[in-house]
Amino acid sequence: MGKTTGFIEYTRQKEAYLPVPERVKNYKEFVLVLEDEKAKTQSARCMNCGTPFCMTGCPVNNIIPDWNDLVYTADYRNALDTLHSTNNFPEFTGRVCPAPCEAACTLNVNNDPVGIKSIENFIVEKGWANGWIVAQPAAVKTGKKVAIVGSGPAGLAAAQQLARAGHDVTVFEKNDRPGGLLRYGIPGFKLNKEVVDRRLEQLKAEGVEFRTGVCVANTKGTTVTNLAKDTISPDELKAQFDAVLLTGGSELPRDLPVPGRELKGIHFAMEFLPQQNRVDAGDKVKNQLRADGKHVVVIGGGDTGSDCVGTSNRHGAESVAQFELLPQPPETENKPLVWPYWPTKLRTSSSHEEGCKRDWSVATKRFEGTGGKVEKLIACRLEWKDGKMQEIPGSEFEMKADLVLLAMGFVSPVGSVVEAFGVEKDARGNAKATTDGEGCYKTNVDKVFAAGDMRRGQSLVVWAIREGRQAAREVDQFLMGSSDLPR
């Protein structure tokens, strides 16, 4: 370990943010990467404990104590290699991951945890700045061809691993640019799309082919963003490729079936967020959903809702409110009870700090408006007993709403994609594939695999990367009889 008493001597070093008045004027990233000395001080706090729970708390099992020590000694190149050994895209997780590793940090038992996420981002940005991150094309080609459907983090991770194993990899994306929800779902102020593009260039240099604007199944009748101009059938994919890996996102949003839902001005979050990302990319988008001058109500208290809040503030909304069905969580978790697991506690995002009225235990009963346009919503307060909710009598209230954004999570991947391949579904509508024993990530259809949100449902970017890496190993083993790829 870098400094034996570092966790006693130093406090947590936080990444600096640009001031709110400055950052809400644009859609650029506003979190500043740690300076060298602050990164050293932060990494010195790592206790290098005998059982590093941070590693098990991290879905990709990052070797966190090792690269903390390497940062402390300024051995940034080896820190980068150690980081990349478990995570293909630490610049993504270093920006948007909620950091379950930090919740599991041993220091978190009675102190502030090590700022693992900020150190991760520091390491990878050092790598880009010094030109250490370059293409690693396979020395020997296998002649095997793999099709990957979906270019989000799971698909990209699998594509990179399989290309480096020597396979010819083609990634199919229904939209006009690769990246999946990294590009179309996460706002630019949290993840600059240039960060995605530079990694895509590396994958292309390693031999990965991207076929954008190609849809593999019909998504008509859904609100899923689909900019496809061409189609390709599952039968064609299975005939042209030796293996097919389904890595599409869990894109079907949870709806709110209450009276007035049909009024104009009520939209799913994933109708609202992708359009702003497309505007940022220079697309000429018609009927752009704008929040400027409007009273915005976001229904749903998760990360997607937070992204809607931040985007609405940047549009210049008159007011922004956010409702959550569940009760307000405690400000501080009961650490002896929950550590090292992910705790339920009040989390205030940078978007909330920019301006937002938040309310909990609120249910929307109906929407009202005139001329077919929403003007207000009628809600009530809830009481939770034995895990069940019931309306508090006399608690009904109304709120002005010119724009309502539904951010209540996602139900499943697009069913038509799974059905088109003849893949069995689990009880939640995801592609059914196990992660235990032989045939991991393999579906009931010959040579068709599934990973990421397509298999596990709505989840985190870091889980998508993990599943993409693990599925790549299973595909490689299926094609070659054995695999040297790491899991």
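In what follows, the structure referred to is the one given above.
If you're wondering where the values come from, they're calculated on a predicted model, not measured in any experiment.

A few points about the pairing of strand β6 (residues 243–246)
Here is step 1: Residues Ala 243 and Leu 245 line one face of β6 and the alternating positions Val 244 and Leu 246 line the opposite face, and both faces are buried.
Here is step 2: Two elements, strand β1 (residues 145–149) and β6, share four bridges in a ladder whose sense is parallel. Across the sheet, the residue bridging to Ala 147 is Val 244, located in β6.
Here is step 3: One ladder, built from three bridges, connects β6 with strand β18 (residues 448–450); its direction is parallel. By the bridge assignment, Leu 245 is partnered in β18 with Phe 449.

Quick word on the nonpolar core
Here is step 1: Formed by 63 residues in total, the largest nonpolar core has its most connected members in Ile 123 and Ile 148.
Here is step 2: With seven residues, helix α20 (residues 461–480) is the largest single contributor of residues to this core.
Here is step 3: Filtering out sequence-adjacent residues up to four positions away, Ile 123 remains in contact with Trp 67, Val 71, Tyr 76, Ala 79, Leu 80 and Leu 83.

Let's talk about the pattern of salt bridges
Here is step 1: Enumeration according to the criterion identifies 34 salt bridges in this entry.
Here is step 2: Between Lys 126 and Asp 36 there is a salt bridge, and its shortest N-O distance comes to 3.1 Å. Of this pair, Lys 126 sits in helix α9 (residues 116–129) while Asp 36 is found in helix α3 (residues 36–44), placing the two residues 90 residues apart along the sequence.
Here is step 3: Taken together, the shared-partner salt bridges connect Lys 365, Arg 366, Glu 368, Lys 376, Glu 391, Glu 396 and Glu 398 into one network.

Description of α9
Here is step 1: Here α9 spans 20 Å end to end across 14 residues, near enough to the 20 Å set by a 1.5 Å rise per residue.
Here is step 2: The buried fraction of α9 amounts to twelve of the 14 residues, a majority that puts the element mostly inside the structure.
Here is step 3: Among the residues of α9, Ile 116, Ser 118, Ile 119, Glu 120, Asn 121, Phe 122, Ile 123, Val 124, Glu 125, Lys 126, Gly 127 and Trp 128 are the ones counted as buried.
Here is step 4: Residue Gly 131 follows α9 closely and has a positive phi angle near 70°.

Here we look at the side chain of Thr 225
Here is step 1: Here Thr 225 shows up in the loop between β4 (214–215) and β5 (230–231).
Here is step 2: In this view, Thr 225 contacts Lys 174, Asn 175, Met 270 and Pro 274; residues no more than four positions away in its chain are not counted.

Description of the sheet that holds strand β3 (residues 209–212)
Here is step 1: Strand order in this open sheet of five strands is β3-β2-β1-β6-β18, and the pairing throughout is parallel. If you trace the sheet from one side to the other, it starts and ends with β3 and β18, each paired once. Neighbour to neighbour, the strand axes of the sheet diverge by 20° on average, direction disregarded.
Here is step 2: Two elements, strand β2 (residues 168–173) and β3, share four bridges in a ladder whose sense is parallel. Bridge pairing in β3 links Glu 173 to Thr 212.
Here is step 3: Relative to β1, helix α10 (residues 153–164) is tilted by about 170°, and along the sheet it contacts β1, β2, β3 and β6.

Some points on the packing of aromatic side chains
Here is step 1: Tallied over the full model, the rule gives eight aromatic pairs.
Here is step 2: Between the aromatic rings of Phe 89 and Phe 92, the centroid separation amounts to 5.2 Å while the plane-to-plane angle is 35°, which identifies the pairing as tilted.
Here is step 3: Taking relative accessible area as the criterion, Phe 92 reaches 0% and is therefore assigned buried.
Here is step 4: Arranged with centres 6.0 Å apart and planes meeting at 85°, the rings of Phe 172 and Phe 241 form a pair that is edge-to-face. You can see Phe 172 sitting in strand β2 and its partner Phe 241 sitting in the loop between α13 (234–240) and β6, a full 69 residues away along the chain.
Here is step 5: On the accessibility criterion, Phe 241 (5% relative accessible area) is buried.
Here is step 6: An aromatic cluster is built from Tyr 17, Phe 30 and Phe 189, whose rings are joined through pairwise contacts.
Here is step 7: Sitting over the face of the ring of Tyr 72, Lys 40 holds its NZ or CZ atom 5.3 Å from the ring centroid.
Here is step 8: In this structure, Lys 145 packs its charged tip against the face of Phe 241, placed 5.3 Å from the ring centre.

Some points on the environment of Pro 90
Here is step 1: Within the secondary structure, Pro 90 is located in helix α7 (residues 90–96).
Here is step 2: Look at Pro 90 and you get buried, because its relative accessible area is 0%.
Here is step 3: In this structure, the C-alpha to C-alpha distance between Pro 90 and Gly 310, residues 220 residues apart in sequence, is 23 Å.
Here is step 4: Excluding residues within four positions of it along the chain, Pro 90 makes contact with Leu 83, His 84, Glu 120, Val 124 and Arg 199.

Re α20
Here is step 1: Taking 1.5 Å of rise per residue, the 20 residues of α20 would be expected to cover 28 Å, and the 28 Å separating its terminal C-alpha atoms lies within 8% of that figure.
Here is step 2: Most of α20 is tucked away: 14 of the 20 residues are buried.
Here is step 3: Remark: Gly 481 follows α20 within two positions and exhibits a positive phi of approximately 90°.

Here we look at the sheet that holds strand β8 (residues 266–268)
Here is step 1: Strand order in the open sheet made by the five strands is β8-β16-β9-β10-β11, with parallel pairing throughout. The outermost strands of the open sheet, each flanked by one partner alone, are β8 and β11 (357–360). For this sheet, the mean angle separating the axes of adjacent strands, direction not counted, is 20°.

Here is what the cut-offs are and how they apply
Position numbers for residues count from 1 along each chain, tracking the sequence in the order it is written. For a predicted model such as this one, the threshold for reporting local features is a pLDDT of at least 70, and the threshold for listing and counting side-chain atom pairs is 80 or more; totals across whole chains, interfaces and linings nevertheless cover every residue. Heavy atoms from the whole structure form the basis of all side-chain values; hydrogens and water molecules are not counted. For the exposure calls, accessible area comes from a 1.4 Å probe over protein chains only, and a residue counts as buried if that area is under 20% of its type's maximum, exposed if over 50%, partly exposed in between. Secondary structure counts use DSSP, requiring at least four H or I residues in a row for a helix and at least two E residues in a row for a strand, with both numbered from the N terminus. For two strands to pair, DSSP has to find at least two bridges joining them. We call a set of buried Ala, Val, Leu, Ile, Met, Phe, Trp, Tyr and Cys residues a nonpolar core when their side-chain atoms join them within 4.5 Å. Should any heavy atoms of two residues lie within 4.5 Å, those residues are counted as being in contact. By salt bridge we mean one thing: a side-chain nitrogen of Lys or Arg within 4 Å of a carboxyl oxygen of Asp or Glu. Helix span is expected to be 1.5 Å times the residue number reduced by one. Note on geometry: axes are C-alpha line fits, over the in-contact stretch for helices, and angles between N-to-C directions span 0 to 180 degrees. For Phe, Tyr and Trp, where Trp contributes only its six-membered ring, two rings pair if their centres lie within 6.5 Å, and the inter-plane angle classes them as stacked under 30 degrees, edge-to-face over 60, or tilted in between. The criterion is that NZ of a Lys, or CZ of an Arg, lies within 6 Å of the ring centre and within 35 degrees of the ring normal, and then a charge sits over that ring.

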